[in-house]
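If you want the building blocks of each chain, they are given just below.
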There are 2 protein chains.
Amino acid sequence: MKYYLILTLALALSFAAHSKAEDTPDQWRTLDLDKTILLELETGPVIIELNPQFAPKHVEQISKLVTAGEYDGQSFYRVIDNFVAQGGMNVETTTKLPLLKLESDHQLTASDHFSMVSNKDMFVENTAFLNGFAIGFETKSRMSWLLHCPGIVGLSRQNEPDTGSSDFYITIGQAPRYLDRIMTVFGRVVFGMEHVQKLNRTESIEGDTLDRSIHSKIIKMQMMSDVPKAKRILIEVERTDTEQFEKKLIARMTREHPFFYIKPPQVLDVCQVPVNSRLVTSH
Amino acid sequence: MKYYLILTLALALSFAAHSKAEDTPDQWRTLDLDKTILLELETGPVIIELNPQFAPKHVEQISKLVTAGEYDGQSFYRVIDNFVAQGGMNVETTTKLPLLKLESDHQLTASDHFSMVSNKDMFVENTAFLNGFAIGFETKSRMSWLLHCPGIVGLSRQNEPDTGSSDFYITIGQAPRYLDRIMTVFGRVVFGMEHVQKLNRTESIEGDTLDRSIHSKIIKMQMMSDVPKAKRILIEVERTDTEQFEKKLIARMTREHPFFYIKPPQVLDVCQVPVNSRLVTSH
């Protein structure tokens, strides 16, 4: 009885989270292991999918640093609840690195199979999904860029635009969309976001006091292709260029489930649409 | 040198988080201890401010249950990353409780000193802050309701609207605004949100499997006024009806800091504006 009610409640509210479509094989894609990072934290593993289409130079430099083991043993030194978890490496290394030019805009071409989400976003003319990433784009120019939704990975910088090299942040709260286009997004967390959320916050509820004693360690960062086969975590991510995914977008907007006894406004916040992933259990 | 650069980076990105205004005494208000809940989790303490203005019957019933110790030793049995942490009590108690009628709409009056945030929100005509809570309202009717921003506390229910009684959820990710007005929001977390984020997720990355072994315990829930004085956690929260707060809203929109070498769109997502709180250290 207890379990039954819990399940009922769970199912009811869960429908609000994500409606499930039938599972067909081509709904999923595997990740390119050369473009995937395994970030090991004391709270658990995190998998990051890189985006060389929008940020090729960033992906190149970060991948090199990862391969060289430069992040191993470093830390997340700035973690603000509902904002970002920022980590990186020791300054001796950082100062020797080439600074990266901001990479943001990408002109959409006919081969970019995006799924349209909304033309009512607050920050940009159109929102969509392209290869699993939330993007914004302009109708006329077809210029697009990656959006600061929860779980994206971007390059930290100082005040000037082209001043980042190695340190990065993962967004852990309500999308800080005001950073779109003025920070380089080069990846997204596709697994283990809860392990990022479990990092110690380094700041008090008010202010910027940094307490080095509670910094969370980066145990290891590796390209997944460099991880010994037995230790790899293989996942598949939901494709966002399928009819199934477009149906899911519509389902999230129309909310046919009886839980929605009054239908919400027919709009979608692109950052509130989960792009699912799943462990590959047989390989 | 290391510390210096980290600080610089921190300050640079931190400006993106919240610009600080001068600290004047009337910027802050203390919480009514009879309308404040101390929720003790194994991950740390959480403080919830109740909202009797919008949800009087909910506040009444939940407060009674808290005072009776009904939540003590219960659990968060459904925690989905980037969505909700849902907790509650044993069904033997739940089934005996009166069901609560949904409480959402409140007609704004002249005595409601709200701070306007935006008339460009996706989900509602206007957004604003009223007594620390994010609200939406209609221009003509002046009808208002509490919004599902991160960290709000709402009452779980089944498919029918008036079917909740005791179990509740805390939003832990991108605002699920499609739940506005069809779920009752009766409080918000004003302290310890990171402790909610540290709860074990009860579901796999894909699906609704509930694993009871990893349910997180509610150690104790008490009205703060019932907590022995020595054990109280006293905090002040930022007032949202001050000139200071309105200036902060404008500052978050205009972004004068040089970090914003290109200014973002002049809009504000009400759910991305932090309402600060701070520990009262002398009393």
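Further up the page is the structure itself.
Calculation criteria
For every chain, the first residue of its written sequence is number 1, and the numbers climb from 1 along that sequence. To read the labels, note that chains go from A and ligands from 1, taken in the order they are written. This being a predicted model, a pLDDT of at least 70 is required before a residue's local features are given, and a value of 80 or more before pairs of side-chain atoms are given or counted; all residues contribute to the totals for chains, interfaces and linings. Excluded from the side-chain calculations are hydrogens and water; all other atoms, namely the structure's heavy atoms, are used. Strands here mean DSSP runs of E at least two residues long; helices mean DSSP runs of H or I at least four residues long; both are numbered from the N terminus. Buried means the residue's accessible area, taken with a 1.4 Å probe over protein chains only, is under 20% of the maximum for its type, while exposed means over 50%, and partly exposed covers the values in between. For the purposes of this analysis, a disulfide is any pair of cysteine sulfur atoms at a distance within 2.5 Å. Any two residues whose heavy atoms approach within 4.5 Å are treated as being in contact. Any Lys or Arg side-chain nitrogen found within 4 Å of a carboxyl oxygen on Asp or Glu counts as a salt bridge. Any two strands between which DSSP finds at least two bridges are classified as paired. With axes taken as lines fitted to C-alpha atoms, and helix axes fitted only over the stretch in contact, angles between N-to-C directions fall between 0 and 180 degrees. Geometry of aromatic contacts follows a simple scheme: Phe, Tyr and Trp rings, the Trp one being its six-membered ring, pair when their centres are within 6.5 Å, and the pair is stacked under 30 degrees between planes, edge-to-face over 60, tilted otherwise. A ring is considered to have a charge above it if a Lys NZ or an Arg CZ atom is located within 6 Å of its centre and within 35 degrees of its normal. The charge count includes Lys and Arg as positive and Asp and Glu as negative, but it does not include His or the ends of the chains. Counting of polar contacts relies on pairs of N or O atoms within 3.5 Å, with two restrictions inside protein: one atom must be capable of donating a hydrogen and the other of accepting it, and residues adjacent in sequence are counted only when both atoms are side-chain atoms.

> What is the right way to look at unusual backbone geometry in this model?
Most peptide bonds are trans, and most residues other than glycine sit at a negative phi. Residue and element names in this part refer to chain B. Residue Asn 131 is not a glycine yet carries a positive backbone phi of 50 degrees. Note on placement: Asn 131 falls in the loop between β8 (126–130) and β9 (133–137). Among the residues examined, Asn 131 registers a relative accessible area of 38% and is labelled partly exposed. The backbone phi angle of Arg 181 is positive, close to 75 degrees, even though this residue is not glycine. Tracing the backbone shows Arg 181 in the loop between β12 (168–171) and β13 (185–191).

> Looking at this model, I keep getting lost on the state of the cysteines. Mind explaining?
A covalent bond bridging the sulfur atoms of two cysteines is what the word disulfide describes. All names here are of chain A. Within this structure, the stated rule accounts for two disulfides over all chains. Disulfide pairing is shown between Cys 149 and Cys 271; the S-S distance is 2.0 Å. With the S-S dihedral at roughly -70 degrees, the linkage between Cys 149 and Cys 271 falls on the left-handed side. With Cys 149 in the loop between β10 (143–146) and β11 (152–155) and Cys 271 in the loop between α5 (243–254) and β16 (277–279), this residue pair connects regions lying 122 residues apart in the sequence. Taking relative accessible area as the criterion, Cys 149 reaches 7% and is therefore assigned buried. Overall, Cys 271 belongs to the buried group, its relative accessible area being 5%.

> Would you explain the side chain of His 195 of chain A in this entry?
All names here are of chain A. Secondary-structure assignment places His 195 in helix α4 (residues 193–197). Exposure remark for His 195: the relative accessible area of 13% places this residue in the buried category. Look past the residues within four positions of His 195 in its chain and what remains in contact with it is Leu 41, Thr 43, Gly 44, Pro 45 and Val 46.

> Sorry, what's going on with the environment of Val 237 of chain B here?
All names here are of chain B. Residue position: Val 237 is located in strand β15 (residues 235–238). Classification of Val 237 as buried rests on a relative accessible area of 1%. With sequence-adjacent residues up to four places away left out, Val 237 is seen in contact with Gln 27, Trp 28, Arg 29, Leu 31, Arg 188, Val 190, Asn 276 and Ser 277.

> Would you mind going over the pattern of salt bridges with me for this structure?
A side chain of one charge can pair with a side chain of the opposite charge when the charged atoms of the two come close. Residues and elements named next belong to chain B. Under the counting rule described, the total for this entry stands at 28 salt bridges over all chains. The salt bridge partner of Arg 181 is Asp 105, with a shortest N-O separation of 2.7 Å. With Arg 181 in the loop between β12 and β13 and Asp 105 in the loop between α3 (91–94) and β6 (106–107), this pair connects stretches of sequence that are 76 residues apart. The partly exposed category is assigned to Arg 181, whose relative accessible area is 28%. We classify Asp 105 as partly exposed; its relative accessible area is 39%.

> Got a minute to help me understand the sheet that holds strand β14 (residues 216–223) of chain A in this structure?
Hydrogen bonding along the main chain pairs the strands of a sheet, whether they run parallel or antiparallel. All names here are of chain A. Pairing is antiparallel in the closed barrel, where eight strands are placed in the order β2-β3-β13-β11-β12-β5-β4-β14. Strand after strand, the sheet turns through a mean of 35 degrees between neighbouring axes, direction not considered. Here three bridges tie β11 to strand β13 (residues 185–191), and the two strands are oriented antiparallel to one another. From the neighbouring strand, Gly 154 faces β13, where its bridge partner is Val 185. The strands touched by helix α2 (residues 56–67) within the sheet are β2 (36–41), β3 (44–50), β11, β13 and β14, with β14 carrying the most contacts at an inclination of about 105 degrees.

> Got a minute to help me understand the sheet that holds strand β5 (residues 84–88) of chain B in this structure?
Residue and element names in this part refer to chain B. The eight strands lie next to each other as β2-β3-β13-β11-β12-β5-β4-β14, forming a closed barrel whose pairing is antiparallel. Between one strand axis and the next, the sheet turns by 35 degrees as a mean value, whatever way the strands run. Judged from the four bridges that link them, strand β3 (residues 44–50) and β13 form a sheet pairing that is antiparallel. The residue bridging Ile 47 from the neighbouring strand is Phe 191, located in β13. Running at roughly 105 degrees to strand β14 (residues 216–223), helix α2 (residues 56–67) makes contact with β2 (36–41), β3, β11 (152–155), β13 and β14 of the sheet.

> Hey, could you run me through the packing of aromatic side chains in this one?
Aromatic ring pairs: the centre-centre distance and the angle between the two ring planes describe each pair. Scanning all chains against the criterion turns up twelve aromatic pairs over all chains. Each ring, one from Phe 260 of chain A and one from Tyr 178 of chain B, has its centre 6.1 Å from the other, and the planes form 50 degrees; the classification is tilted. Linking Phe 260 of chain A in the loop between α5 and β16 with Tyr 178 of chain B in the loop between β12 and β13, this pair reaches from one chain into another. Comparing Phe 260 of chain A with Tyr 178 of chain B shows no difference in burial state: the two are buried. Between Phe 129 of chain B and Phe 245 of chain B the ring centres are 5.3 Å apart and the planes differ by 90 degrees, which places this aromatic pair in the edge-to-face class. Pair noted here: Phe 129 of chain B is in strand β8 and Phe 245 of chain B is in helix α5 (residues 243–254), with a separation of 116 residues, a long-range link. As far as the burial class goes, Phe 129 of chain B and Phe 245 of chain B line up, both buried. Note that Arg 181 of chain A overlies the ring of Trp 145 of chain A, its terminal NZ or CZ placed 3.6 Å from the centroid. A cation over an aromatic ring shows up here: Arg 157 of chain B above the ring of Phe 259 of chain A, its NZ or CZ 3.9 Å from the ring centre.

> Would you explain the side chain of Arg 157 of chain A in this entry?
All names here are of chain A. Structurally, Arg 157 is set in the loop between β11 and β12 (168–171). Nearest to the buried, unbridged Arg 157 among oppositely charged side chains is Glu 160, at 7.1 Å. A polar contact of 3.0 Å, which involves the side chain of Arg 157, links it to the backbone oxygen of Asn 159. Reaching out from Arg 157, the side chain makes a polar contact with the backbone oxygen of Ile 182 at a distance of 2.9 Å.

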